[in-house]
Amino acid sequence: MTIAHVLMHSPLVGPSTWAPVAQRLPHALVPSFLHLADAQPPFWPHVAGTVAAAAAALPPATEVVLVAHSNAGRFLPVVVDAINRPVRGCIFVDASLPAREGPTDAVKPALLELVRRKAQGGRLPPWWQWWDEADIAGLFPDPATMRAICDEQPRLPLSFFEERIPVPAGWDDRRCSYLMFGSGADDDKAAEARDRGWRVDHLTGSHLHQLVDPDAVAATIQTLA
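Scope of this entry: the structure provided in the associated data block. (Residues numbered from 1 in each chain as written. Predicted model: local features only at pLDDT ≥ 70, side-chain atom pairs only at ≥ 80, totals over all residues. Heavy atoms only, no water.)

## Structural notes on the sheet that holds strand E3 (residues 62–69)
In a beta sheet, neighbouring strands pair by backbone hydrogen bonds and run either parallel or antiparallel.
Here is step 1: Spatially, 6 strands are ordered E2-E1-E3-E4-E7-E8 in an open sheet, and the strand pairing comes out parallel. What marks the edges here is a single partner per strand, and that holds for strand E2 (28–29) and strand E8 (199–204).
Here is step 2: Note that strand E7 (residues 175–182) and E8 share 6 bridges and pair parallel. When the sheet's bridge partners are listed, Ser177 is paired in E8 with Arg199.
Here is step 3: Strand contacts of helix H10 (residues 214–224): strand E1 (2–8), E3, strand E4 (87–93), E7 and E8, with the helix running at about 170° to E8, the strand carrying the most contacts. (Pairing = 2+ DSSP bridges. Helix = DSSP H or I, 4+ residues; strand = E, 2+ residues; numbered from the N terminus. Contact = heavy atoms within 4.5 Å. Axes fitted to C-alpha atoms, helices over the stretch in contact; angles between N-to-C directions.)

## Some points on the packing of aromatic side chains
Here is step 1: Tallied over the entire structure, the rule returns 9 aromatic pairs.
Here is step 2: Between Phe43 and Phe160, the aromatic rings sit 5.6 Å apart at their centres with planes inclined by 70°, giving edge-to-face as the arrangement. With a gap of 117 residues between them, Phe43 in the loop between E2 and helix H2 (44–56) and Phe160 in helix H7 (residues 158–162) connect regions that are remote in the sequence.
Here is step 3: The exposure class of Phe43 is buried, given its relative accessible area of 0%.
Here is step 4: Residue classification places Phe160 among the buried positions, given a relative accessible area of 0%. (Phe/Tyr/Trp six-rings, centres within 6.5 Å; stacked < 30°, edge-to-face > 60°. Buried < 20%, exposed > 50% of the residue type's maximum accessible area, 1.4 Å probe, protein only.)

## Quick look at the side chain of Asn71
Here is step 1: Position of Asn71 relative to the elements: it lies in the loop between E3 and helix H3 (76–82).
Here is step 2: Leave out the neighbours within four places in its chain, and Asn71 touches Ser10, Pro11, Leu12, Ser96, Ala106, Val107 and Phe160.

## As for unusual backbone geometry
In most cases, non-glycine residues show a negative phi, while peptide bonds are predominantly trans.
Here is step 1: The omega torsion of the bond from Pro41 to Pro42 falls at 0°, within 30 degrees of zero and hence cis.
Here is step 2: Among the structural elements, Pro42 can be located in the loop between E2 and H2.
Here is step 3: With a phi close to 55°, His27 is a non-glycine residue in the positive phi region.
Here is step 4: With respect to the helices and strands, the residue His27 is situated in the loop between helix H1 (19–22) and E2.
Here is step 5: Even without being a glycine, Ser70 presents a positive backbone phi close to 60°.
Here is step 6: Its place among the elements puts Ser70 in the loop between E3 and H3.

## Observations concerning H10
Note: α-helices contain 3.6 residues per turn, so residues at a spacing of three or four share the same orientation.
Here is step 1: Along H10, the positions that sit buried rather than exposed are Pro214, Val217, Ala218, Thr220, Ile221 and Leu224. In a view along the axis of H10, the buried residues occupy a sector of 165°, so they form one face of it. (Arc of directions from axis to C-beta.)

## Let's talk about the nonpolar core
Here is step 1: Among the nonpolar cores identified, the biggest contains 62 residues, and Met8, Leu66, Ile83, Cys90, Phe92, Trp130 and Phe161 are the most heavily contacted of them.
Here is step 2: Looking at this core element by element, the count peaks at 5 residues for H2.
Here is step 3: Those residues in contact with Leu66, other than ones at most four positions away along the chain, are Val6, Val51, Leu76, Val79, Val80, Ile83, Val87, Gly89, Cys90 and Ile91.
Here is step 4: Trp18, Val67, Ala218 and Ala225 belong to the second largest nonpolar core, which has 17 residues in total. (Core = buried A, V, L, I, M, F, W, Y, C linked by side-chain atoms within 4.5 Å.)

## Side note on helix H6 (residues 143–152)
Here is step 1: If you check which residues of H6 are buried, you get Met146, Ile149, Cys150 and Glu152. The arc that holds the buried residues of H6, viewed along the axis, is 160°, so those residues lie on one side. Summarising the geometry of H6, the exposed residues directed more than 90 degrees from the buried face are Pro143, Ala144 and Asp151.
Here is step 2: Buried residues belonging to H6 abut helix H5 (133–136) and helix H9 (209–212).

## Examining the environment of Ile3
Here is step 1: Relative to the helices and strands, Ile3 is located in strand E1.
Here is step 2: The exposure class assigned to Ile3 is partly exposed, which follows from its relative accessible area of 24%.
Here is step 3: Counting along the chain gives 22 residues from Ile3 to Leu25, while the straight-line C-alpha distance between them is 10 Å.
Here is step 4: In contact with Ile3, not counting residues within four places along its chain, are Pro26, His27, Thr62, Glu63, Val65 and Arg88.

## Some thoughts on the layout of surface pockets
Here is step 1: Put simply, the largest pocket is a space of about 500 Å³.
Here is step 2: Lining the largest pocket we find 19 residues, and of these Ser70, Ser96, Leu111, Lys189 and His207 sit closest to its centre.
Here is step 3: Its residues assigned to classes, the lining of the largest pocket comprises 9 nonpolar, 6 polar and 4 charged. (1 Å grid on protein atoms, 1.4 Å probe; cavity = no way out; pocket = protein on both sides within 12 Å on 5 of 7 lines; lining within 4 Å. Points joined across faces, edges and corners; volume = space filled by probe spheres on them. Nonpolar A, V, L, I, M, F, W, Y, C, P; charged D, E, K, R; others polar.)

Dropping the structure here:
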């Protein structure tokens, strides 16, 4: 049985955030969600449909492992529901978790307040412009990578952040796990994942650690899968 890793990037950034890891995983796909900047709400069907279309192009006997980073974790239930092939497991990589029941907010309330303040003409600036450059420079391995990742980031509509995402029943009837980037102690999301009975692993690093140490991240994903 062939296993394909489908790497889902946060819609706030771009597919290049997964490129170094994809190069190190067998049968890896990185669907792009950059088109969400020009889409109309609701946005979650666009995310689910994009991943489902990418998975549909795989050979028939291929099973899928979904790997979501950051905000993409909130979309995993609708993606599982949309894919017309076996989903072997779901891996949340320093990612937001969907609600246990009922719809999931697209972002946590504190972030929604922030983006509403930063929106201009119903649209957000690219994610990197939300912060002082010095505060995010440490997320990247070098200035060239930082520039490439920042140049790719979309200007999402405010409505993207205001929507609620369904959580279809049974989406987690498969192996789910959580990979946290941090100092080693569980953060709130890792603690909740552990409370759900999921395996939790840690790698020391910051939120974009897949760019800094893709070898370790790829190896851990393969272990969790």
